[in-house]
Amino acid sequence: MTAHTHYLWFETKKRQEIIDITNQVAEQVRESGVREGFVLVSAMHISASVFVNDHESGLWSDILKWLEETIAPWDPARYRHNETGEDNAAAHLRSLTIGHEVIVPITAGKLDFGPWQRVFYGEWDGQRRKRVVIKVLGDT
């Protein structure tokens, strides 16, 4: 079994962004030489997410609106976590809702997705440096 690890670093310009990282993940699969296996992609910060969905701007707007209006509004006074001097409780709840990692199968050396699936990094408390780990495991 082969293992390959790579880190992606992000420092977003906005506090909240969605970034398509599919090409970077696919590149690490290619570099690993793994033909059959899995790739784990995981946010290494509790206020960020990694998820699989469709690359469509309307959907991204819907996700951001859903998180803000339904899941965790950015309203620091509403959360006990923020009593510690933080203001990012909403980001923690958004990460918990969306999830912080995905596992994607690798078949014949490529990400084995459905027709519209892509891998995304969701930043919910950005404007500071954060990372994602890509861990490729499998047979060459």
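From a predicted model like this one, the values you see are computed outputs, not experimental measurements.

Student: Looking at this structure, I do not really get the pattern of salt bridges. What am I missing?
Tutor: Side-chain pairs of opposite charge can arise whenever the charged atoms involved come near each other. According to the stated counting rule, one finds eight salt bridges in the structure shown. A salt bridge links Asp125 to Arg15; the shortest N-O distance between them is 2.8 Å. Within this pair, whereas Asp125 is found in the loop between strand 7 (117-123) and strand 8 (130-139), its partner Arg15 is found in the loop between strand 1 (2-10) and strand 2 (17-20), the two being separated by 110 residues in sequence. Since its relative accessible area comes to 5%, Asp125 is described here as buried. The residue Asp125 makes a salt bridge to Arg128 at a minimum N-O spacing of 3.1 Å.

Student: For this particular structure, what's the right way to read the pairing of strand 3 (residues 36-43)?
Tutor: One face of the sheet, then the other: side chains in a regular strand alternate in exactly this way. As paired elements, strand 3 and strand 5 (residues 101-107) share seven bridges and run antiparallel to each other. Bridge pairing in strand 5 places Gly37 opposite Ile106. Pairing analysis gives eight bridges linking strand 3 to strand 8, with the strands arranged antiparallel. Within the sheet, the bridge partner assigned to Leu40 lies in strand 8 and is Lys135.

Student: When you look at the side chain of Ser95 in this model, what are you seeing that I'm missing?
Tutor: Relative to the elements of secondary structure, Ser95 occurs in helix 3 (residues 89-98). Look past the residues within four positions of Ser95 in its chain and what remains in contact with it is Ile46, Ser47, Ala48, Ser49, His100 and Trp124.

Student: Which parts of the structure should I look at to understand the pairing of strand 7?
Tutor: Across the seven residues of strand 7, five count as buried, placing the element largely inside the fold. Summarising the sheet, strand 2 and strand 7 pair through four bridges and their orientation is antiparallel. Paired with Glu17 across the two strands is Glu123, which belongs to strand 7. Here strand 4 (residues 48-54) runs beside strand 7; their pairing, made up of seven bridges, is antiparallel. For Val52, the partnering residue across the bridge sits in strand 7 and is Val119.

Parameters and conventions
- Residues numbered from 1 in each chain as written.
- Predicted model: local features only at pLDDT ≥ 70, side-chain atom pairs only at ≥ 80, totals over all residues.
- Heavy atoms only, no water.
- Salt bridge = Lys/Arg side-chain N within 4 Å of Asp/Glu carboxyl O.
- Helix = DSSP H or I, 4+ residues; strand = E, 2+ residues; numbered from the N terminus.
- Buried < 20%, exposed > 50% of the residue type's maximum accessible area, 1.4 Å probe, protein only.
- Pairing = 2+ DSSP bridges.
- Contact = heavy atoms within 4.5 Å.

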